[in-house]
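Chains, contacts and geometry: an overview
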Amino acid sequence: FFLSSNHSTAKQQRSMKSNKCAETLVGKLRREFEPRVPTLIESLTGIEFNVGPQTSSVSESKEIERLFPNSYGQPMVDITNRNQNPQSSDAHHIEFNKSSQNVCTNALRIGVVLSGGQAPGGHNVITGLFDALKELNQASVLLGFTGGPKGVVMNRYIELTTGVIDRYRNTGGFDMLKSGREKFQTQLQLEASLKTVTENN
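First, a word on what this report is: a plain description of the structure on this page. (Residues numbered from 1 in each chain as written. Predicted model: local features only at pLDDT ≥ 70, side-chain atom pairs only at ≥ 80, totals over all residues. Heavy atoms only, no water.)

1. Regarding the overall build of the protein
Scanning the protein from terminus to terminus reveals seven helices and six strands. Out of the 201 residues in the protein, the part that is buried amounts to 24%. Counting contacts in the protein only where the partners sit at least 6 residues apart, residues at least 24 apart contribute 69% of the total. Counting every atom, the protein has about 14,600 Å² of accessible surface; 54% of that belongs to carbon and sulfur. (Helix = DSSP H or I, 4+ residues; strand = E, 2+ residues; numbered from the N terminus. Buried < 20%, exposed > 50% of the residue type's maximum accessible area, 1.4 Å probe, protein only. Contact = heavy atoms within 4.5 Å. Areas by Shrake-Rupley, 256 points an atom, 1.4 Å probe, with all protein chains shown as cover.)

Right, dumping it as structure tokens:
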């Protein structure tokens with residue numbers, strides 16, 4: 001953005017205002033670029049999760065189960081898409097249950113927050129989440145908590161709409177929401193975060 005001084009002429013001010021709104025060819029091409037996604041998830045409404053047999057370790061199973069009691073022994077899951085032609089899978093030799101779980105298409109309210117240092121794909125993680133939510137249900141809402149984890153503690157957020165998302169699509173950095181290096185450490189912070197989640201459904 002440009003800051004005009006009291007001595008700038010009206011013509012200069014109009015020129016600077018015009019420059020702020022101009023979009024370069026590179027910017028236009030970047031905004032219109034569509035990242036490639038795996039064929040399997042091109043149509044989210046057709047995704048099914050088929051549950052298979054429980055997993056186990058090849059050795060030291062008791063010790064690993066002791067160290068990871070909540071995740072050890074979880075079943076294998078084969079992801080298919082009923083909107084696409086069946087394709088060969090590495091899991092073809094494993095027997096999966098016929099009963100499957102579909103992707104949730106109910107309207108959802110989801111919050112997203114950025115934490116830590118900047119990353120080149122930060123904005124597209126959020127835009128991808130936004131696009132997926134809207135594909136599954138247009139009534140879904142995505143809230144962006146600003147300024148890192150502190151935004152969750154303080155219940156400080158913006159609703160991420162198409163207009164907001166498209167301004168940052170395919171751009172690097174964390175400018176959309178900003179970030180922070182705070183951590184959820186104290187009991188008060190945890191309680192405040194829980195209150196934020198509860199109040200925003």
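Okay, back to it.
2. Some thoughts on the nonpolar core
Formed by V112, L114, I126, F130, L133, L142, L160, V164, I165, F174, M176 and L177, the largest nonpolar core amounts to 12 residues. Among the secondary structure elements, those contributing two or more residues to this core are α4 (122-136) and α6 (162-168). For this core, the element with the most residues is α4, which contributes three residues. Look past the residues within four positions of L177 in its chain and what remains in contact with it is V112, L114, I126, G144, F145, T146, G147, I158 and L160. (Core = buried A, V, L, I, M, F, W, Y, C linked by side-chain atoms within 4.5 Å.)

3. A look at helix α7 (residues 187-199)
Between its first and last C-alpha atoms α7 spans 18 Å; for 13 residues at 1.5 Å apiece the expected length is 18 Å, and the two agree. Positioned one or two residues after α7, N201 has a phi angle of 55°, which is positive. (Expected span 1.5 Å × (residues − 1).)

4. Section: the packing of aromatic side chains
Taken as a whole and assessed by the stated rule, the structure comprises one aromatic pair. An angle of 65° between the planes, with centres 5.7 Å apart, marks the rings of F145 and Y157 as edge-to-face. Here F145, found in strand β5 (residues 141-145), pairs with Y157, found in strand β6 (residues 157-159); they are 12 residues apart in sequence, far enough to count as distant. (Phe/Tyr/Trp six-rings, centres within 6.5 Å; stacked < 30°, edge-to-face > 60°.)

5. Considerations on the layout of surface pockets
The computed volume of the largest pocket comes to approximately 500 Å³. Lining the largest pocket are 17 residues, with P35, V37, G128, D131 and R169 sitting closest to its centre. Mapped by element, the contributors of at least two residues to the lining of the largest pocket are α2 (25-32) and α4. In terms of residue count, α4 provides more of the lining of the largest pocket than any other element does, six residues in total. Among the residues making up the lining of the largest pocket, the classes are represented as six nonpolar, four polar and seven charged. (1 Å grid on protein atoms, 1.4 Å probe; cavity = no way out; pocket = protein on both sides within 12 Å on 5 of 7 lines; lining within 4 Å. Points joined across faces, edges and corners; volume = space filled by probe spheres on them. Nonpolar A, V, L, I, M, F, W, Y, C, P; charged D, E, K, R; others polar.)

6. A few points about α4
Here α4 spans 22 Å end to end across 15 residues, near enough to the 21 Å set by a 1.5 Å rise per residue. Of the surrounding secondary structure, the elements contacted by the buried residues of α4 are β4 (109-113), β5 and α6.

7. Comments concerning the side chain of R169
Note on placement: R169 falls in the loop between α6 and α7. Among the polar contacts listed, one links the side chain of R169 to the side chain of D166, at a separation of 3.1 Å. With residues near it in sequence (within four places) discarded, R169 still touches R30, R31, N124, T127 and D131. (Polar contact = N/O pair within 3.5 Å; in protein donor to acceptor, adjacent residues only side chain to side chain.)

8. Some points on unusual backbone geometry
The backbone phi angle of N155 is positive, close to 55°, even though this residue is not glycine. Among the structural elements, N155 can be located in the loop between α5 (149-153) and β6. Taking the relative accessible area as the measure of exposure, N155 reaches 27% and is therefore partly exposed.

9. A short note on the sheet that holds β5
The mixed open sheet is built from three strands, whose spatial order is β4-β5-β6. Sheet topology places β4 and β6 at the edges, where each strand pairs with a single neighbour. With direction set aside, neighbouring strand axes in the sheet form an average angle of 30°. Where β5 and β6 come together, three bridges link them in antiparallel fashion. (Pairing = 2+ DSSP bridges. Axes fitted to C-alpha atoms, helices over the stretch in contact; angles between N-to-C directions.)

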